[in-house]
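Given next are the chains, with one letter for each unit.
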Amino acid sequence: MNVPLMPPRQHLVPACVLAAAAVAALILGVRWLASVPTEGMTEGMAAGATAMRGESYGGVEVQVPASWGYGTTGWPPCLQKASDSPYVGRPVGGIPLIACKEKVAPLDKRKAYLWFDAYRAPPGLKNHDGGWAEETRVVAGVMLTILTDDATLRKRMFDSAREVRETDTYGCPVDHRITTGPDARPDPGTGGLATVGQVASITVCRYALDRGQNVAPQPVLSASRLAGPAARKLVDAVRAAPEGGGPNEPQNCSADWALGEEVIVLRVNGDREQEVFVRYSGCDAHGIDDGATLRALTADVVRPLLRGPHAPGGLQGPVGLMVWPRTGTK
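Residues numbered from 1 in each chain as written. Predicted model: local features only at pLDDT ≥ 70, side-chain atom pairs only at ≥ 80, totals over all residues. Heavy atoms only, no water.

1. Thoughts on helix H2 (residues 151-160)
For H2, the full list of buried residues reads Leu153, Arg154, Met157 and Phe158. Buried residues of H2 fall within an arc of 130 degrees about the axis and therefore sit on the same side. Every exposed residue of H2 that faces more than 90 degrees away from the buried side is listed here: Thr152, Lys155 and Asp159. Residues of H2 that are buried sit in contact with strand S4 (52-57), strand S5 (60-65), strand S9 (113-116), strand S10 (124-127), strand S11 (133-139) and strand S12 (142-148). (Buried < 20%, exposed > 50% of the residue type's maximum accessible area, 1.4 Å probe, protein only. Helix = DSSP H or I, 4+ residues; strand = E, 2+ residues; numbered from the N terminus. Arc of directions from axis to C-beta. Contact = heavy atoms within 4.5 Å.)

2. Examining the side chain of Arg225
Structurally, Arg225 can be placed in strand S15 (residues 220-227). In terms of polar contacts, Arg225 uses its side chain to reach the side chain of Thr203, at 3.0 Å. (Polar contact = N/O pair within 3.5 Å; in protein donor to acceptor, adjacent residues only side chain to side chain.)

3. Observations concerning the packing of aromatic side chains
Scanning the model with the defined rule gives 3 aromatic pairs in all. Three or more aromatic residues joined by ring pairs form one cluster here, namely Tyr87, Tyr113 and Trp115. (Phe/Tyr/Trp six-rings, centres within 6.5 Å; stacked < 30°, edge-to-face > 60°.)

4. Brief notes about the environment of Gly71
Mapped onto the fold, Gly71 is located in strand S6 (residues 69-72). Note on Gly71: relative accessible area 1%, which makes it buried. For the pair Gly71 and Leu114, spaced 43 residues apart in sequence, the C-alpha separation works out to 9.5 Å.

5. A word on the confidence of the model for the protein chain
Mean pLDDT over the protein chain stands at 86; residues scoring 70 or higher make up 82%. Counted against residues more than four places away or in other chains, residues 1-25, with its pLDDT under 50, gives 70 contacts. Across residues 35-39, where pLDDT falls below 50, the model places 17 contacts with residues more than four positions away in sequence or in other chains. (pLDDT = per-residue confidence, 0-100.)

6. Notes on the pattern of salt bridges
Taken as a whole and judged by the stated rule, the model has 13 salt bridges. Note that Glu135 is salt-bridged to Arg137, the shortest N-O span being 2.9 Å. When its relative accessible area of 33% is taken as the criterion, Arg137 is described as partly exposed. Among the ionic pairs, Asp289 bridges to Arg185, the shortest N-O distance being 2.7 Å. Here the residue Asp289 occupies a position in strand S18 (residues 287-289), and Arg185 occupies one in the loop between strand S13 (162-163) and strand S14 (201-208), the gap between them amounting to 104 residues. Since its relative accessible area comes to 4%, Asp289 is described here as buried. Connected through shared salt-bridge partners, Arg53, Glu55 and Arg90 make up one network. (Salt bridge = Lys/Arg side-chain N within 4 Å of Asp/Glu carboxyl O.)

7. Here's the deal with the sheet that holds strand S17 (residues 273-279)
Read across the open sheet, the 6 strands follow the order S15-S14-S16-S17-S18-S19; overall the sheet is antiparallel. Where the open sheet ends on each side, the last strands, each with one partner, are S15 and strand S19 (294-295). Sheet topology places S14 next to S15; 7 bridges connect them, and they run antiparallel. Bridge pairing links Val204 to Ser224 in S15. Taken strand by strand, helix H3 (residues 229-240) contacts S14, S15, strand S16 (262-269), S18 and S19, and its axis lies near 105 degrees from that of S15. (Pairing = 2+ DSSP bridges. Axes fitted to C-alpha atoms, helices over the stretch in contact; angles between N-to-C directions.)

8. Topic: the nonpolar core
By size, the foremost hydrophobic cluster in this structure holds 32 residues, and its most contacted members are Val62, Trp68, Leu114, Phe116, Leu144 and Met157. Elements that contribute at least two residues to this core include exactly S4, S5, strand S7 (87-90), S9, S12 and H2. Residues within four places of Phe116 in sequence aside, it is in contact with Glu55, Tyr57, Val62, Thr73, Val88, Gly89, Arg90, Pro91, Val142, Met143 and Leu144. (Core = buried A, V, L, I, M, F, W, Y, C linked by side-chain atoms within 4.5 Å.)

Okay, here's the thing in structure tokens:
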């Protein structure tokens, strides 16, 4: 079934860019579900009867079950599958524009979720069949919607929601100077990644670039942490990437969309901390920058990064094919 896409209210590579900017080479990922947490993510977890992890968005952090996967805020309930997992949804990318009769998925396919910024959900509690309920609250300017049949879990999640004024559980600042433009570079310290020594962990922080469409109070979109072998493997991939930046295809985007709508900051922790800027959205200024050397994006770097909480809604041509090599879509 061919289903048209509805662009999200949030400002991450919306489907409407295809028409508005005539970006023929944009690969739009209609993002659904629901991978388990990113490999190597071992921190940000809270102890308890149900293991929990932190999810950060827009200056708010919420604890969710560690077993939950990832999806898209506003996903149509009539497209829910029985094989799907409970998930955390962010307003990223396009969603199928389809008129579902159901307010929630049928019981045999229904899955719990936390949606960030579900604009169609007014604050309050809605009861559904089978003991399920959907509740929406606004915390520090961010709308949180939780659907579950476990009232105790729903309360636990809402009770955990907190405003992040500086840094979240993972160590990501709610705002970062990388959002000011492509001229921002990391401080190379004593020599960039070449002098961090033995890598222990990497904090991954994703940010929205301000295009005048911000909904959330802060630009932080997601956060996670890689530890041990997964962190070292990613740093090795960055060091192996060719110098020079790219791949860039500025002719495939209008000037307004050339830089895309999101960026990632890596905070590499070894003998010292080194920031690395990763620019992959849009059509221009792509690359991996540790302040000492600008390198090109490679599949070995972007594929393990742009997944789980950091999965983008869409990517331009060659970068999209690095992340989604088989079909170009998620």
